[in-house]
Amino acid sequence: MSALAQLAVERQTVICAGPGGVGKTTCAAAIALEGARLGRRACVVTIDPAKRLADALGLEVLTNEPHRVDLQRNAGPGELWALMLDTKTTFDDVVRRNAGSDEQARAILENRLYRNISGALGGTQEYMAMEKLYELHSEGRFDLVVVDTPPTRHALEFLDAPDRLLRFLNNRLFRLLMLPTRAGLRAIGMASQAMLRSISRVVGGAVVTDAMAFFSAFEGMEQGFRDRATRVQTLLADPGTAFVVVAAPRRDAVAEAIYFADRLRGSAARVETLVINRMFPSFGPLPTALGAGTPESPEVAALLTNLRDLDQVAGREEQHVAALAERLPGVPIVKVPFLSDDIHDLEGLTAVGRWLFGPPPEELRT
Amino acid sequence: MDPKAFRPPARVMIVAGKGGVGKTTVSAALAYCAASAGLETLIVEAEGKSGLTALFDRREPLGYQELVLSEPGQAGPGSAGLRARTLTPDDALVEYLEDHGLRRISKRLSATGTLDVVATAIPGIKDILVLGKVKQLEALSASRADGAPEFIVVDAPAAGHAVSFLASPFGLLDAAAVGPIRTQAADVIALLSDPERCQVMLVTMPEETPVNEAADTAFHLEDRTGVKLAPIVVNGLWPHLDLPGDTGGALLRAGAALDDSDLAALDRAAEFRRQRQKLQDAQVARLADMLPLEQLKLPYLFTTELGRSEVVTLSASLVEQLVRLRP
């Protein structure tokens, strides 16, 4: 059994990380499908699937709740479920769960600053993806949860997201300001007041008013957020959790994947498999028999040019893969060829799965 | 083709497209066209991080301070200088606050996370500030101020963000933001609405998802911003090869002998190329169907890494096609 199939069988959580535009969603869906094929109840959490893949998974609408996928001819002993993350709804649920009362929840949900958070505060989507993962994991409804991470510029933003959000929610300046009764803090409050007046002047008073209302409504909830963030970090470091890095054999994609791998090295989490998607096949170098006395036939010249072109591409891609492999010693590498069409149905996922999980078909790259 | 034949379509060209389609490469090639034609040119890198300097065989990273990528005269006789700088949303926000009398406390604003609060309270503020800064550079250019760039290429944030980036001033005007921000938004809208001053050049690749996304982005930009779209760049087209249908026959006709495995490799490679050509022709046609924009086609380059000489090649191809399109 291939390393990746083993993850689909043995782990409870698989996180697919990598730069945007490399086929991460497809890969996540294929891993969940493989889990289902091997008898598990699997759920894939997608972030922003291409429309046709979403359709294939029955995700026409944001449901934010897992939805059973009809596997049709691909049905096996297990089940495949899918959901498309709705950041705003997930955040709303988190607020309701942590609020001390309905009024507190309502005050936050109706606040203008809060309503902008899911769209405007960087890292929120990443945080909510982790939140959803934790929720699905702790409910115990699924044997396997596969998460597709958001296509951020830096694939690792979701690792930092909880901290970033907590920092935001613990804004020192606003917290001091909304506690006028604590006399000891008055002095600091004065400087801050002056600062806020300046902000009001430049960006408008509504910003300050909304922010004050938000942070005051949020009072007392940060511990709940903090505890949850800690539990999510524990889950990410759990032996039942596996990270799969998906990359493409391009310079930029490889650079991001390396950055991610370096970052993970400092934590308890480990990259278990590296998927290199969309590789061009290699057909070998120019035949030596033709090396010197190339016949002057335009037809043969075209054939040779083509082989040389493809050999150059393959050589460059192998260099990129080698650079990445060097940074991830001992991590199995799975190469998936460039498939001529985008994946948009279960058959397509199954086809990718043959590369991801099986020994690769003989006719192409070895 | 004489590089002097290049005429910039607008003073500011915003280059947009999804990650991995070669947005930065196209920005570099387009800027090189202008510099070769004798126009002082500036590339503004809105994402901060990019491989732009490597495209000019340089190793240093790009920063907030302008970096000369090509000296006057270096891109051919009579050529002008080509400079580049970053202009990230964070840069723009800090600069804006400093310009408005908050210099003294801008460090503290940042350290206390207050900037995050402001940026969250006013979604799009960072985008509008980046565009506001671009508008400032364009105004310098229009006034032909000393040392001002004559042509500005903006390497925009990756698509998905491109629409919200360019639509930000419209959203802010609707939200009735106050004071300086509102003025800023109105000024940027004036810039985006004038095709002599500013246009958007989309970049895509001849593959299914990039083509779909380019078409989506184009429609959203037209609906939400009204900015003029320049011809779309289809990047990474494999040059067409006239491959014989029968590999073995072609070798036989040429009197060449190969063993079976070499012959098979040659044959499979040819079949792969034919498939690839068919696929890209179909995607180019689909793009033309979906989007009534002229197409500029740039070849896939097989060299190991792109550098200055590849930028020169691509820019020559761009000039030739742009001149041909000119009415």
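Thresholds, definitions, all that
- Residues numbered from 1 in each chain as written.
- Chains lettered and ligands numbered in written order.
- Predicted model: local features only at pLDDT ≥ 70, side-chain atom pairs only at ≥ 80, totals over all residues.
- Heavy atoms only, no water.
- Helix = DSSP H or I, 4+ residues; strand = E, 2+ residues; numbered from the N terminus.
- Buried < 20%, exposed > 50% of the residue type's maximum accessible area, 1.4 Å probe, protein only.
- Contact = heavy atoms within 4.5 Å.
- Areas by Shrake-Rupley, 256 points an atom, 1.4 Å probe, with all protein chains shown as cover.
- Lys, Arg positive; Asp, Glu negative; His and termini not counted.
- Charge placed at Lys NZ, Arg CZ, Asp CG, Glu CD.
- Salt bridge = Lys/Arg side-chain N within 4 Å of Asp/Glu carboxyl O.
- Buried area = accessible area lost by both parts, 1.4 Å probe.
- Polar contact = N/O pair within 3.5 Å; in protein donor to acceptor, adjacent residues only side chain to side chain.
- Nonpolar A, V, L, I, M, F, W, Y, C, P; charged D, E, K, R; others polar.
- Phe/Tyr/Trp six-rings, centres within 6.5 Å; stacked < 30°, edge-to-face > 60°.
- Lys NZ or Arg CZ within 6 Å of the ring centre and 35° of its normal.
- Pairing = 2+ DSSP bridges.
- Axes fitted to C-alpha atoms, helices over the stretch in contact; angles between N-to-C directions.
- Expected span 1.5 Å × (residues − 1).

Caption draft 1: Structural context of the overall build of chain B. What chain B contains, in helices and strands, is 11 helices and 9 strands. Principal-axis analysis of the C-alpha atoms gives chain B an extent of 80 × 45 × 40 Å. Buried residues in chain B amount to 56% of all 327 residues. For chain B, contacts bridging at least 24 residues in sequence account for 75% of all contacts bridging at least 6. A total accessible area of about 13300 Å² is found for chain B, and carbon and sulfur atoms account for 53% of it. Both charge centroids of chain B, one from 33 positive and one from 42 negative side chains, sit 4 Å from each other.

Caption draft 2: Fine view of the pattern of salt bridges. Per the counting criterion, the structure on display carries 30 salt bridges over all chains. Among the ionic pairs, Arg273(B) bridges to Asp309(A), the shortest N-O distance being 3.2 Å. One end of the pair, Arg273(B), is in helix α10 (residues 260-290); the other, Asp309(A), is in helix α14 (residues 298-327), on a second chain. Across this residue pair, the class does not change: Arg273(B) and Asp309(A) are buried. Note that Arg253(B) and Asp246(B) form a salt bridge whose closest N and O atoms lie 3.3 Å from each other. Since its relative accessible area comes to 37%, Asp246(B) is described here as partly exposed. Residues participating in the shared-partner salt-bridge network are Arg41(A), Arg68(A) and Glu79(A).

Caption draft 3: Expanded view of the interface of chain A and chain B. Contacts between the two partners involve 60 residues from chain A and, on the opposite side, 60 residues from chain B. Here chain A meets chain B over a buried area of about 5200 Å², counting both sides, of which 64% is carbon and sulfur. Among the residues chain A hides against chain B, the three largest losses belong to Val202(A), Leu303(A) and Arg316(A). Together they make up 13% of the total. On the surface where chain A and chain B come into contact, there are 3 salt bridges. In this assembly, chain A and chain B are joined by 9 residue pairs in polar contact (both at pLDDT 80 or more). Broken down by element, the side of chain A that touches chain B gets its largest block of residues, 15 residues, from α14(A). By residue class, the composition of the side of chain A that touches chain B is 30 nonpolar, 15 polar and 15 charged.

Caption draft 4: Summary view of the packing of aromatic side chains. Within this structure, the stated rule accounts for 16 aromatic pairs over all chains. Plain terms: the ring middles of Trp81(A) and Phe142(A) are 5.7 Å apart, the flat faces sit at 65° to each other, and that makes the pair edge-to-face. Of this pair, Trp81(A) sits in strand β4 (residues 79-84) while Phe142(A) sits in the loop between α7 (124-139) and β5 (144-148); the two residues are 61 residues apart in sequence, bridging distant segments of the chain. With respect to burial, Trp81(A) and Phe142(A) carry one shared label: buried. Through pairs of rings, three or more aromatic residues link up here, namely Phe91(A), Tyr114(A), Phe168(A), Phe214(A), Phe215(A), Phe218(A) and Phe225(A). The side chain of Arg141(A) reaches across the aromatic face of Trp81(A), ending 5.8 Å from its centre. Sitting over the face of the ring of Tyr64(B), Arg85(B) holds its NZ or CZ atom 4.6 Å from the ring centroid.

Caption draft 5: Region of interest: the sheet that holds strand β7 (residues 271-279) of chain A. Residue and element names in this part refer to chain A. Pairing within the open sheet is mixed, and its 8 strands lie in the order β3-β4-β2-β5-β1-β6-β7-β8. Taken across any chain shown, the strands that pair with only one partner, and hence form the sheet edges, are β3 (67-68) and β8 (333-337). The pairing of strand β6 (residues 241-247) with β7 spans 5 bridges and is classified as parallel. Residue pairing across strands places Val246 opposite Val275, the latter belonging to β7. Seen against the sheet, helix α13 (residues 251-265) touches β1 (13-17), β6 and β7 and runs at an angle of roughly 160° to β6. Most of the contacts of helix α15 (residues 346-357) go to β8, to which it runs at about 145°, and overall it touches β7 and β8.

Caption draft 6: Region of the structure containing helix α2 (residues 89-102) of chain B. Taking 1.5 Å as the rise per residue, α2(B) with 14 residues should run 20 Å; its terminal C-alpha atoms sit only 17 Å apart, a clear shortfall. Of all the positions in α2(B), only Ala92(B), Leu93(B), Glu95(B), Tyr96(B), Leu97(B) and Leu102(B) are classed as buried.

Caption draft 7: Summary view of unusual backbone geometry. The phi dihedral of Arg278(A) is positive, around 60°, even though this residue is not glycine. Note on placement: Arg278(A) falls in strand β7. The class of Arg278(A) is partly exposed, set by a relative accessible area of 27%. One non-glycine residue, Asp57(B), lies in positive phi territory at about 55°. On the secondary structure map, Asp57(B) appears in the loop between β2 (41-45) and β3 (67-70).

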